[in-house]
Amino acid sequence: MACREIFIEMKLGEPPKPFYLHIDTGSGQTWVLCANGETLSIISSLGPNGLLVTEEESVVAYIGPTESLCRAHTSDPEHNMRCEEEDDYACFFSIMYADSSVYLGVVVNESMTLSMQDASEKRVFTLFGCVLEKHSRVEKLPLLTDGVDGLGRCEGSLVDQLWTSNVIQKKILGVCLAKELRQRPSGPLPAGRVGFISLGMDFSSKFDSQNLVWSKLAGPE
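Fair warning: this is a prediction, and the values are worked out from it, not measured in the lab.

Engineer: Explain the pattern of salt bridges residue by residue, including any values.
Structural biologist: Close approach of charged atoms lets side chains of opposite charge pair. Taken as a whole, this structure holds 3 salt bridges when the rule is applied. Glu14 serves as the salt-bridge partner of Arg123, at 3.1 Å between the closest nitrogen and oxygen. With Arg123 in strand E7 (residues 121-135) and Glu14 in the loop between strand E1 (7-12) and strand E2 (17-24), this pair connects stretches of sequence that are 109 residues apart. Its relative accessible area of 46% is what places Arg123 among the partly exposed residues. Judged by its relative accessible area of 52%, Glu14 falls in the exposed class.

Engineer: Explain the nonpolar core residue by residue, including any values.
Structural biologist: One broad rule of soluble globular proteins: the nonpolar side chains tend to lie buried together. Grouped together as the largest cluster of nonpolar side chains are 24 residues, with contacts concentrated most on Val32 and Met112. At the level of elements, E1, E2, strand E3 (31-36), strand E6 (102-115), E7 and helix H3 (158-164) are the ones that each hand at least two residues to this core. Counting residues in each nonpolar core, the second largest holds 15 residues, with Val60, Cys70, Ile95 and Val148 among its members.

Engineer: Which residues make up the packing of aromatic side chains, and what are the values?
Structural biologist: Evaluated as defined, the whole model comprises 2 aromatic pairs. Ring centres 5.9 Å apart and planes at 75 degrees place the aromatic pair Tyr97 and Tyr103 in the edge-to-face group. Relative accessible area serves as the criterion here: at 11%, Tyr103 is assigned to the buried category. Each residue in the set Trp31, Tyr97 and Tyr103 is aromatic and connected to the rest through ring pairs, giving one cluster.

Engineer: I'd like a description of unusual backbone geometry, backed by residues and values.
Structural biologist: Residue Pro15 is reached from Glu14 by a cis peptide bond, and omega for that bond is 0 degrees. Tracing the chain through its elements places Pro15 in the loop between E1 and E2. Even without being a glycine, Ser100 presents a positive backbone phi close to 75 degrees. Structurally, Ser100 can be placed in the loop between strand E5 (92-96) and E6. Accessibility expressed as a relative area gives 37% for Ser100, which makes it partly exposed. For Asn166, which is not glycine, the phi torsion reads 65 degrees and is therefore positive. Within the secondary structure, Asn166 is located in the loop between H3 and strand E9 (173-182). Since its relative accessible area comes to 56%, Asn166 is described here as exposed.

Engineer: I'd like to hear about the pairing of E3, residue by residue, with values.
Structural biologist: For E3, a buried count of 6 out of 6 residues is recorded, marking the element as mostly surrounded by other parts of the structure. The alternating pattern of E3 places Trp31, Leu33 and Ala35 and Val32, Cys34 and Asn36 on opposite faces, both of which are buried. In the sheet, E3 pairs with E7 via 3 bridges, with the strands oriented parallel. Within the sheet, the bridge partner assigned to Trp31 lies in E7 and is Gly129. Pairing geometry for E3 and strand E8 (residues 147-150), over 2 bridges, is antiparallel. If you follow Trp31 over to E8, its bridge partner there is Val148.

Engineer: Now, about the state of the cysteines: what can you tell me, with residues and values included?
Structural biologist: All chains considered together, the criterion is met by 1 disulfide. Each sulfur of the disulfide joining Cys34 and Cys130 lies 1.7 Å from the other. Where Cys34 bonds to Cys130 through sulfur, the torsion about that S-S bond is close to -70 degrees, and the disulfide is left-handed. Of this pair, Cys34 sits in strand E3 while Cys130 sits in strand E7, placing them 96 residues apart in sequence. Residues Cys34 and Cys130 agree in their burial class; the two are buried.

Engineer: Can you lay out the environment of Tyr97 for me, pointing to particular residues and giving the numbers?
Structural biologist: Tracing the backbone shows Tyr97 in the loop between E5 and E6. Its relative accessible area of 23% is what places Tyr97 among the partly exposed residues. On a C-alpha basis, the gap between Tyr97 and Ser136 in space is 9.7 Å, while along the polypeptide they are 39 residues apart. Apart from the residues within four sequence positions on either side, Tyr97 is in contact with Asp24, Trp31, Tyr103 and Val148.

Criteria and thresholds
- Residues numbered from 1 in each chain as written.
- Predicted model: local features only at pLDDT ≥ 70, side-chain atom pairs only at ≥ 80, totals over all residues.
- Heavy atoms only, no water.
- Salt bridge = Lys/Arg side-chain N within 4 Å of Asp/Glu carboxyl O.
- Helix = DSSP H or I, 4+ residues; strand = E, 2+ residues; numbered from the N terminus.
- Buried < 20%, exposed > 50% of the residue type's maximum accessible area, 1.4 Å probe, protein only.
- Core = buried A, V, L, I, M, F, W, Y, C linked by side-chain atoms within 4.5 Å.
- Phe/Tyr/Trp six-rings, centres within 6.5 Å; stacked < 30°, edge-to-face > 60°.
- Pairing = 2+ DSSP bridges.
- Disulfide = S-S within 2.5 Å.
- Contact = heavy atoms within 4.5 Å.

Dropping the structure here:
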């Protein structure tokens, strides 16, 4: 069976702009290719929706109440410990994957618009990585996504942040995929299975529990 990957559309920034994010249940780090204030992005290859433009004031600090979340968003905590006052104690983002690709930037507190169960939309603020620089030996072009949505069982993941801020009542991640293949409208994403991802909803009360398959999410190594 061919390997399949899951991508979702999420609206980030104000006004909300759609971005395609790769789903990663083995990590808690969410990031998107972006530009921040006067800091220039040195990324040459962009995703289908371009860069998320954020304000310089959105960068979180590696001191005070955001310190633990900042630590959770970097694979090199000592990098942030070397921050000095002249950098306004900015929280630096970094992640390295198994293929040795590295993504660097800052952690921002930005707007995210979520689709609710009643078809309404809710605007929340979450912390995620604003990637300004990337290093990858092998990269398939054109890029199909603009970033990664880290939904693993980790501190600082999107599920953890929404639960901590009482946006969702349970730490549950549900993935529902349609059985049939449906052709997507013309656009940068190829044809594929359709479905939805739910955060915080108890699927057993909505669907036949006999048809549900549950699995524990990967935690930090």
